[in-house]
Amino acid sequence: SCCDWLINICRRKKELKARTVWLGCPEKCEEKYPRNAIKNQKYNFFTFIPGVLYEQFKFFLNLYFLVVSCSQFVPALKIGYLYTYWAPLGFVLAVTMVREAVDEFRRYQRDKEMNSQLYSKLTIRVADLTGHLIGMIFFLTNINMLFPQNQRIPSDMVFLRTSEKTGSCFIRTDQLDGETDWKLKVAVSCTQRLPALGDLFSISAYVYAQKPQLDIHSFEGTFTREDSDPTVHESLSIENTLWASTVVASGTVIGVVIYTGKETRSVMNTSNPKNKVGLLDLELNQLTKALFLALVALSIVMVTLQGFVGPWYRNLFRFLLLFSYIIPISLRVNLDMGKAAYGWMIMKDDNIPGTVVRTSTIPEELGRLVYLLTDKTGTLTQNEMIFKRLHLGTVSYGTDTMDEIQNHIVNSYSQSSAPKVRKTVSSRIHEAVKAIALCHNVTPVYESHAGVTGETEYAEVDQNFSDENRTYQASSPDEVALVQWTESVGLTLVNRDLTSMQLKSPGGQILTYYILQVFPFTSESKRMGIIVRDESTGEITFYMKGADVAMSTIVQYNDWLEEECGNMAREGLRTLVVAKKSLTEEQYQDFENRYNQAKLSIHDRALKVAAVVESLEREMELLCLTGVEDQLQADVRPTLEMLRNAGIKIWMLTGDKLETATCIAKSSHLVSRTQDIHIFRPVISRGEAHLELNAFRRKHDCALVISGDSLEVCLKYYEHEFVELACQCPAVVCCRCSPTQKAHIVKLLQHHTGKRTCAIGDGGNDVSMIQAADCGIGIEGKAVFSSVFYFASIPLYQGFLMVGYATIYTMFPVFSLVLDQDVKPEMALLYPELYKDLTKGRSLSFKTFLIWVLISIYQGGILMYGALLLFESEFVHVVAISFTALILTELLMVALTIRTWHWLMVVAEFFSLGCYVASLAFLNEYFDVAFITTVTFLWKVSAITVVSCLPLYILKYLKRKFSPPSYSKLTS
């Protein structure tokens, strides 16, 4: 149909295409590409009011009130004053709109702040009027000209040029993938070799880039220079890219823009914000539908009793309107105000200063959580590595004995280097520290002031290495921690280039080592190696360090390594085994020939290279075992333990490596000491996934550790089985997770378990997960508890009495229930098991609801029939007696519900009663003032109130005595 065709046209997404980007010539772009702007707003100027109204009236409760209010414009159906229907509804809508407008304005301000950041653009023209960014060349530095912090890359780029002599630089990607390791990026060699920066505009060159896609770990493209002979073609991969939201960590970089706005990898990996709805709202919606069905049934009974005479359908609708107060709109008002009060309490809590409640409609969700999904880096950990332990087999050094190591190093460099037959502790320490100082990929950088070109200049190697302005760069914070430790004990890395590195001894002597080969760390090999030649002696040494699982078969036989690795891991330390092997000139030459030959082979190159390197990795001398601690956030261990005792299942979703994630899971006590860990082997096919799931099924009460790739395969073929098994685990750790995978896991849990989820994280890569969860927290490793709401039941009256009843007379006591506490906060934290009662949702189950309905029917019957039995000559006395008894009953019922009295509750009770007594003087049309001041009136009202409330007080006392709730056992 035409409508379907129109909808499809509106919904159709623009097809993403590959592109050819000319350097510095945005006008050559034939396509129109998205603006490079961030937009997190839900609405625009035109969609705000329709959008907010739709979000409100998609709930049955609100839609019901709207229909009832609109019916009053039809004269035949009008049964009361318009304001009795529209005033409460208007108030609810006004509060909602103001709240949404404030939230939307804050989002607009945050977007504006991000979008107004300035960057340096390279241009040779006086003015640039194209408005296109694709093809623009931008200049970025790790020392921002405009802001003190490091500069964030504004769009996806290809890396053309850098100030670093090596033609490469480091970038930080923690906001993109959650990984703490710095990534090495390499400039396009053709543009890096150009003599001057301005030559970028004098060459005719273009970049061909594949169409935008989700995968942040891959890229395919080519760089072509047309004006050279022959034409230069260079293949581009992920190492030549600079994605938006990453940060330049070293030097200055020049890049050409290839993707902007919503086509950047970071935006494509971010989900659209959704309107979150609390479980309480959904439950109330269901109860409202049940009440509505009861209301319809009651109306049909009334029409049936009339015998369907006259226009019965009109009578049916009028009965529906008369009974409409069975579903009280004051419930909606109190609920919204209660949520706002809880949000305010969270923001004002002294224990969590600085907390901001961004969504004020779901604070009560914190009391119903079953799954907590947390990021690792920056949330559980501070991402600060500290060297904690050095173990030499016979002797171990901790933080309190580092000065002994320093003394040994000073002594070993001050003595003459005569060869010793037997190794002393001093010589073994010297060898171990030297190995740690040489076996790494760390580069020291000396920063001086920005030069004329704006590029940061780095001090040349002039043998004058001052300690003040030296910083270390590496792809991993662990590496930096090790090199900083060797500096603290006296052996300092002062310079490194592609062919050599220099160390400074405690006496200030510069020791030079030539780098012959470097074997970088990979997740498959789990180790890194380096071959160096000592300039002074000509000795060639092969150093290697790595995980104990990889190194245990490489080093010579020993009886202590496995045991000590286990001890350090239990302390939550990240362990590295360090070993060495001395090579003769002939041995090295033989190795180099075989290595170079393997690197030139076309078939199975990686395997042949690995085989040649492995020929060296035999019978290596074990030097030491190091332990580095990734510092946890304050109070992480007790917090996680408390949450676990509260019945909350914790899943850790991280972009980091498997070993790192497992180590933090142990040290943070996410996995308790007594629990086993099942590491899910990497799987790539359906058959492998089936076998591994069967192996996992046989394990009982063990934590699961799985990588993002394996998870993807399992979810593709065995989604239901995997989620069912994972949900039975006490803890789950997913490593190497992309932002979209994190959000997918949250949605899976919601779909398969139906339980409430909470996501907590600190980086840009956690935004999708936080948005997908029922409750999202962007804070530093703290947990917040919240109680649920309670409601009083409400019968019916007309006109001003009804509005008064729904607002002035009863609102304050009911609203004051937000201050109620079943137990003190200190008690809740001491006994987190109490939280399990909240997650069961018994406070607002159908059973609880039915009990309140029965109480309402009983009290309504007593009030009406009591007044009818006791009224004198005029009918107006029925209203006076029953309405006064109703107000007193309501105030007493609120008092009956309260567990812990607060002085504001007492004020609310007496204030409401005072308001009612004061208003009696003005309500002449309802009340006979002469009658309500008599003793008869007082005893009749008191009698009805006692009959309606006393039995309930007695029942509550008996229930508390014979079947007390779990919390009362602690308070008694």
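All figures in this text were calculated on a predicted structure; none of them were measured in a lab. Position labels on residues start from 1 in each chain and follow its written sequence. pLDDT decides what is reported in this predicted model: residues at 70 or higher carry local features, side-chain atom pairs at 80 or more are listed and counted, and totals for whole chains, interfaces and linings draw on all residues regardless. The basis for every side-chain value is the complete set of non-hydrogen atoms in the structure, without hydrogens or water.

A. Fine view of the UniProt feature "binding site: Mg(2+)" (unreviewed entry) in the protein chain. UniProt positions are given in the numbering used here, feature names are shortened, and annotations may be inferred rather than shown by experiment. As recorded in UniProt, the feature "binding site: Mg(2+)" (unreviewed entry) lies at D375, T377, D762 and D766. For the annotated residues, spread through 392 residues, the largest C-alpha to C-alpha distance comes to 10.6 Å, consistent with a single compact locus. In this analysis, two residues are considered to be in contact whenever any of their non-hydrogen atoms come within 4.5 Å of each other. Among residues more than four places away in sequence, those in contact with D375 are L380, L653, T654, K742, I760, G761, D762, D766 and M769. Polar contacts, as counted here, are pairs of nitrogen or oxygen atoms within 3.5 Å of one another; within protein the pair requires one atom able to donate a hydrogen and one able to accept it, and residues that are adjacent in sequence qualify only if both atoms are side-chain atoms. Polar contacts involving the side chain of D375 include one to the side chain of K742, which spans 3.3 Å. Checked against the element boundaries, D762 lands in the loop between β30 (756-760) and α24 (767-772). For every residue, the accessible area obtained with a 1.4 Å probe (protein chains only) is divided by the maximum for its type, and the residue is called buried under 20%, exposed over 50%, and partly exposed between those limits. Owing to a relative accessible area of 39%, D762 belongs among the partly exposed residues under this scheme. Labels follow the DSSP assignment, with helices taken as runs of H or I lasting at least four residues and strands as runs of E lasting at least two, numbered in each case from the N terminus.

B. Expanded view of the nonpolar core. Residues belong to one nonpolar core when they are buried, are Ala, Val, Leu, Ile, Met, Phe, Trp, Tyr or Cys, and are joined through side-chain atoms within 4.5 Å. Of all hydrophobic cores here, the largest spans 41 residues; its most connected members are L390, I405, V433, W485, L503 and Y543. For this core, the element with the highest residue contribution is helix α13 (residues 425-438), accounting for 7 residues. What I405 contacts, discounting residues up to four positions off in sequence, is L390, Y397, I429, V433, W485 and V489. L693, L725, C734 and L748 belong to the second largest nonpolar core, which has 37 residues in total.

C. Quick peek at the packing of aromatic side chains. Pairing of aromatic rings covers Phe, Tyr and the six-membered ring of Trp, with a centre-to-centre limit of 6.5 Å; geometry is then stacked below 30 degrees between planes, edge-to-face above 60, and tilted otherwise. On inspection of all chains with the given rule, the structure shows 21 aromatic pairs. Geometrically, the ring pair formed by F60 and F292 is edge-to-face, given 5.4 Å between the ring centres and 70° between the ring planes. With a gap of 232 residues between them, F60 in helix α3 (residues 60-71) and F292 in helix α9 (residues 279-306) connect regions that are remote in the sequence. Classification of F292 by relative accessible area gives partly exposed; the value is 25%.

D. Inspection of the sheet that holds strand β26 (residues 649-653) at higher detail. Here, strands pair whenever DSSP counts at least two bridges between them. In space, the 7 strands of this open sheet follow the order β27-β28-β29-β26-β13-β30-β31, with parallel pairing throughout. What marks the edges here is a single partner per strand, and that holds for β27 (676-679) and β31 (775-777). Here the average twist between neighbouring strands, direction ignored, is 20°. With 4 bridges joining them, strand β13 (residues 369-374) and β26 adopt parallel strand pairing. The residue of β26 that forms the bridge with Y371 is K649. Axis angles are defined between N-to-C directions and span 0 to 180 degrees, where every axis is a line fitted to C-alpha atoms and, for a helix, only to the segment in contact.

E. Region of the structure containing the packing of helix α17 (residues 585-600) against helix α18 (residues 605-616). Two elements in contact, α17 and α18, have axes separated by 8 Å at closest approach and are oriented at 165°. Classified by the interaxial angle, the pair formed by α17 and α18 is roughly antiparallel. By crossing handedness, the relation of α17 to α18 is classed as left-handed. Listed contacts from α18 to F591, R594, Y595, A598 and K599 of α17 are R605, K608, V609, V612, V613, S615 and L616. Throughout, the ten residues Ala, Val, Leu, Ile, Met, Phe, Trp, Tyr, Cys and Pro are labelled nonpolar, Asp, Glu, Lys and Arg are labelled charged, and all others, Gly among them, are labelled polar. A per-class count over the contact of α17 with α18 returns 7 nonpolar, 1 polar and 4 charged. Oblique is the label for any angle not under 35 degrees, not over 145, and not in the 65 to 115 range, which are roughly parallel, roughly antiparallel and roughly perpendicular in turn. In a left-handed crossing the near helix is turned counterclockwise from the far helix by less than a right angle, and in a right-handed crossing that turn is clockwise.

F. Structural view of the packing of α13 against helix α14 (residues 477-488). Their axes nearest at 9 Å, the elements α13 and α14 cross at an angle of 135°. If you check the angle between α13 and α14, you find them oblique. The way α13 lies across α14 gives a crossing that is left-handed. Counting all contacts with α13, which are made through V433, I436 and A437, the residues of α14 involved are L482, W485 and T486. When its residues are assigned to classes, the contact of α13 with α14 shows 5 nonpolar, 1 polar and no charged.

G. Broad picture of the pattern of salt bridges. For salt bridges, the criterion is a side-chain nitrogen of Lys or Arg within 4 Å of an Asp or Glu carboxyl oxygen. Going through the model one piece at a time under the given rule, you end up with 20 salt bridges. For D281, the salt bridge identified is with K339, shortest N-O distance 2.4 Å. Residue D281 is located in helix α9, and its partner K339 is located in helix α11 (residues 329-347); the two are separated by 58 residues in the primary sequence. No difference in accessibility class separates D281 from K339, as the two residues are buried. Between K545 and E479 there is a salt bridge, with its nearest N and O atoms 2.3 Å apart. Here K545, found in strand β23 (residues 540-546), pairs with E479, found in helix α14; they are 66 residues apart in sequence, far enough to count as distant. When its relative accessible area of 9% is taken as the criterion, E479 is described as buried.

H. Representation of unusual backbone geometry within the structure. Following D229, the chain continues into P230 via a peptide bond in cis, with omega recorded as 0°. With respect to the secondary-structure elements, P230 resides in the loop between β8 (221-225) and β9 (232-236). For S245, which is not a glycine, the phi torsion comes out positive at approximately 80°. Its identity is not glycine, yet H669 carries a phi of approximately 65°, on the positive side. Positionally, H669 belongs in the loop between α20 (658-667) and β27. The buried category is assigned to H669, whose relative accessible area is 19%.

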